[in-house]
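Structural features, examined
Letter by letter, the chains look like this.
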Amino acid sequence: MTTPLVRFAPSPTGFLHIGNARPALLNFLFARKTLGRFLLRLDDTDRARSTAAFAQAIQEDLAWLGIVPDLFARQSERTPSHDAAKEKLIAQGRLYPCYETAEELDRRRKRQLGRGLPPIYDRAALALSDAEKSALEAEGRRPHWRFKLDPVVVAWTDLVRGESHVDCASLSDPVLIREDGSALYTLPSVVDDAEMGVTHIIRGEDHVTNTGVQVQLFQALGYPVPVFAHHNLLTTADGEGLSKRLGHLSLRGLREAGYEPASVAALAALTGTSEAVRPVASLDYLASLVDLGRISRAPAKFDPAELDGINAQLVHAMPFAEARDRLIAMEVPEETSESFWEAVKANLVKVGDAALWWRIVAGPVSPVISDPDFAAKALALLPEGAFDGGTWKSWTEAVKRETGAKGRALFMPLRQALTGLDHGPDLARLLPLIGRGRAARRLAGEAA
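In what follows, the accompanying structure is described. As the structure is a computational prediction, the values presented were derived from the model and not from experiment.

On to the overall build of the protein. Helix and strand counts for the protein stand at 18 helices and 12 strands. C-alpha atoms of the protein, sized along the principal axes, occupy 105 × 50 × 40 Å. Counting every position in the protein, which comprises 448 residues, the buried fraction comes to 48%. When contacts within the protein are restricted to residue pairs at least 6 apart in sequence, long-range pairs at least 24 apart make up 74% of them. Here the protein displays about 20900 Å² of accessible surface, and carbon together with sulfur accounts for 52% of that area.

Here it is as C-alpha cells:
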C-alpha cells in the first residue's frame, strides 16, 4: 500500500493568515493520522511577487503552529520538468498558441454574453494558419498557450464532498503559459504533484472546478490521478473571504498578539466540522479528531471572540512549567513565579496578560480608597510578619468583626485599595505576593 503524501503549496507573496492555516493543518493532520508524509512546496514561480522574506515567514509561521515538513521543495527549481511537460503537450496537440490581447478577449466575451452564449474561449486560434501566426508575430505579438480540453465530464470521489464532477465542455481552454514563456499555476502544480509522488490533494473548495482541468492534465501527461478532497473555506464572522490583506488575522499577527498556537490550530481545523471547537492539547490528538468526511459543506466562519475563549481555556489549564520562561521574561522573580502563576492564570486570556497582574503585585499601584475610615481600620488590623495562604481569611474576618461589613461591602473596598481595581484574581493567593509592606502603604492611600 502506498504511503500517503500530501502537500501544502503556498505562494510566497504574502504572510499566511488563518484561512491558509486551515489547508496546511488539514494536510498535516491527515498525514499524521494515516502515517503519511507532509510536503511543503513553495509555489514561487511568480517572480515579480515572490520574495525570500515571505518564503522564510511561511516556514516560521508553520513551525509556530507545530507543522514540521517531512519534505521541502521550491517550484522555481523545477523549471526543466515544467518545460518538458510543455513540449510534450505541444507535441500531442493539446497545447496551442493564441495571439489575442486581453482587450480583444474581453470584447469577445461581452459579445458572447450579449448573444446569450457562455463566455468561453471559442478556439479561434486553432484555425490560424502558419502564415497568419507568422504575421501576428511580425507585429510583435507573442503567444500565450492554452490547453485543449476534451469535452467530457470529469468525475471523482471527493473525500469531503463525495461523488463529484465537472463538465469540461462548459469551461474555456485554460491558459497554461504566459506570453513571456512563464508557466501559470496549473501546469507546474500538476507536474510537481505527479513527479513528487503526491497521493492526496487536500485543498479549498474554490479549486473544485480546477480539478476537471487538472485531471485531464494528469491524464494527458501520463501521470496517475491523485485522490482529491475539497474542504469548506474559513470566512470572517460576516461571511467574507479571508485574504492576506487582513493583517490582524495573519498567523504572524496572531502570534504577536499573544495567542497560543494550539488555540489557533484547534479553531482553524475544527471550525466547520462536526467536531465541537474546543481546546486541543496536541496536534496528535487534533489529528484523531479531524475526519475529512465530516467536514461541513457550509462556510466555516472564523470568530476572533471564539479564539479568545479557546485561548483562555488553554491558559487556564496550562501547567507552570509551560509558562515559566515567559513569566521570567516578564521579570517575575523565579522564586515567586510558580505561586504567582497559580494565583493569576484563571484570570488570563493570554499568557502575556500576566504582565498586568505582576504590575499589580510589584507596583506601583494607585489605590482606590472609597472609605478612608474603613481603610484605616483595615490597616490597623493587618497582621504582622510574613503573609501566607491563610492571611486573607483571618484578616478579613477580623475586619468584619471590627466594622460590621460583609460580602461586597467588605471585600470590594479591600480589593480596590490593594489592587486599584474592582476585579481580579483570588486575593487569598495574591495578598502573600503583594506582601505586608506594599499592602500597608496602599491601605494608607499611598502609591506603592
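So much for the structure itself; the text now carries on.
Before going further, it helps to spend a moment on the layout of surface pockets. For the largest pocket, the calculated volume is near 930 Å³. Along the walls of the largest pocket sit 35 residues, with Ala9, Pro10, Asn20, Asp206 and His207 positioned nearest its centre. Elements with a minimum of two residues in the lining of the largest pocket: β1 (5–8), α1 (18–34), β9 (200–204) and β11 (234–235). Counting residues per element, the lining of the largest pocket draws most heavily on α1, at five residues.

Bringing empty space enclosed by the protein into the picture now. Under the criterion given, the structure shown has one cavity of 30 Å³ or more. The computed volume of the largest cavity comes to approximately 40 Å³. Forming the boundary of the largest cavity are Ile369, Ser370, Asp371, Phe374, Ala375, Pro413, Leu414, Ala417 and Leu443. Counting only elements with at least two residues in the lining of the largest cavity, the list comes to α15 (372–380) and α17 (408–419).

Turning to the side chain of Thr273, a few remarks are in order. Assignment of secondary structure puts Thr273 in the loop between α9 (261–270) and α10 (283–289). At a separation of 2.8 Å, a polar atom in the side chain of Thr273 contacts the main-chain carbonyl oxygen of Leu270.

Moving on to the pattern of salt bridges. Within the structure shown, the criterion is met by 29 salt bridges. Between Arg326 and Glu260 there is a salt bridge, and its shortest N-O distance comes to 2.8 Å. Pair noted here: Arg326 is in helix α12 (residues 320–329) and Glu260 is in the loop between α8 (251–256) and α9, with a separation of 66 residues, a long-range link. Here the residues in one salt-bridge network are Arg7, Arg41, Asp43, Arg78, Asp192, Asp193 and Glu195, joined through shared partners.

Below, the discussion takes up the environment of Leu292. If you trace the backbone, Leu292 turns up in the loop between α10 and β12 (300–301). Classification of Leu292 by relative accessible area gives buried; the value is 8%. When neighbours within four sequence positions are excluded, Leu292 is seen to be in contact with Phe30, Leu159, Val160, Ile202 and Ala229.

The next point concerns the sheet that holds β1. Pairing within the open sheet is parallel, and its three strands lie in the order β1-β2-β3. The open sheet is flanked by β1 and β3 (71–74), the only strands paired with a single partner. When the angles between neighbouring strand axes are averaged without regard to direction, this sheet yields 25°. The sheet contact formed by strand β2 (residues 37–42) and β3 spans four bridges and is parallel.

Here the focus is the packing of aromatic side chains. For the coordinates displayed, the defined rule picks out six aromatic pairs. Here the aromatic rings of Phe340 and Trp358 are separated by 5.2 Å at their centres, their planes lie at 80°, and the arrangement is edge-to-face. With Phe340 in helix α13 (residues 334–344) and Trp358 in helix α14 (residues 354–362), this residue pair connects regions lying 18 residues apart in the sequence. Looking at Phe340, the relative accessible area reads 0%, which means it is buried. The exposure class of Trp358 is buried, given its relative accessible area of 14%. Joined through ring pairs, the aromatic side chains of Trp392, Trp395 and Phe411 make up one cluster. Sitting over the face of the ring of Tyr121, Arg146 holds its NZ or CZ atom 4.0 Å from the ring centroid.

Before going further, it helps to examine α14. Within α14 the residues assigned to the buried category are Ala354, Trp357, Trp358, Ile360 and Val361. Burial along α14 is one-sided: seen end-on, the buried residues are contained in an arc of 155°. Downstream of α14 by a residue or two, Gly363 has a phi angle that is positive, lying close to 80°.

All right, on to the state of the cysteines then. The tally for this structure, following the rule as stated, stands at zero disulfides. Cys98 carries a free sulfur, and the closest cysteine sulfur to it, the one in Cys168, is 17 Å from it.

Attention now goes to the nonpolar core. Grouped together as the largest cluster of nonpolar side chains are 48 residues, with contacts concentrated most on Leu25, Leu65, Val264 and Leu286. Those elements that provide at least two residues to this core are β1, α1, β2, α2 (52–65), α8, α9, α10 and α11 (304–316). Among the elements that make up this core, the one with the highest residue count is α1 (nine residues). Not counting chain neighbours up to four residues away, the residues in contact with Leu286 comprise Leu29, Ala265, Ala266, Ala269, Leu270 and Val280. The next biggest cluster of nonpolar side chains, apart from the first, holds 39 residues, and it includes Trp341, Leu431, Ala439 and Leu443.

In this section: the pairing of β2. Counting buried positions over the six residues of β2 gives five, a clear majority of the element. Alignment of β1 against β2, held across four bridges, turns out to be parallel. Bridging from a neighbouring strand, Arg7 pairs with Leu39 of β2. Once you follow β2 into α2 and on to β3, the crossover reads as right-handed.

Right, let's talk about α1 for a bit. For α1, built from 17 residues, the straight-helix expectation of 24 Å at 1.5 Å per residue is met to within 8% by its first-to-last C-alpha distance of 24 Å. Most of α1 is tucked away: 14 of the 17 residues are buried. Looking one or two residues beyond α1, the residue adopting positive phi is Leu35, at roughly 60°.

The rules behind each value
Residues numbered from 1 in each chain as written. Predicted model: local features only at pLDDT ≥ 70, side-chain atom pairs only at ≥ 80, totals over all residues. Heavy atoms only, no water. Helix = DSSP H or I, 4+ residues; strand = E, 2+ residues; numbered from the N terminus. Buried < 20%, exposed > 50% of the residue type's maximum accessible area, 1.4 Å probe, protein only. Contact = heavy atoms within 4.5 Å. Areas by Shrake-Rupley, 256 points an atom, 1.4 Å probe, with all protein chains shown as cover. 1 Å grid on protein atoms, 1.4 Å probe; cavity = no way out; pocket = protein on both sides within 12 Å on 5 of 7 lines; lining within 4 Å. Points joined across faces, edges and corners; volume = space filled by probe spheres on them. Polar contact = N/O pair within 3.5 Å; in protein donor to acceptor, adjacent residues only side chain to side chain. Salt bridge = Lys/Arg side-chain N within 4 Å of Asp/Glu carboxyl O. Pairing = 2+ DSSP bridges. Axes fitted to C-alpha atoms, helices over the stretch in contact; angles between N-to-C directions. Phe/Tyr/Trp six-rings, centres within 6.5 Å; stacked < 30°, edge-to-face > 60°. Lys NZ or Arg CZ within 6 Å of the ring centre and 35° of its normal. Arc of directions from axis to C-beta. Disulfide = S-S within 2.5 Å. Core = buried A, V, L, I, M, F, W, Y, C linked by side-chain atoms within 4.5 Å. Right-handed = clockwise from strand over helix to strand, strands pointing away. Expected span 1.5 Å × (residues − 1).

Functional significance is not addressed by these values, which are geometric in nature.
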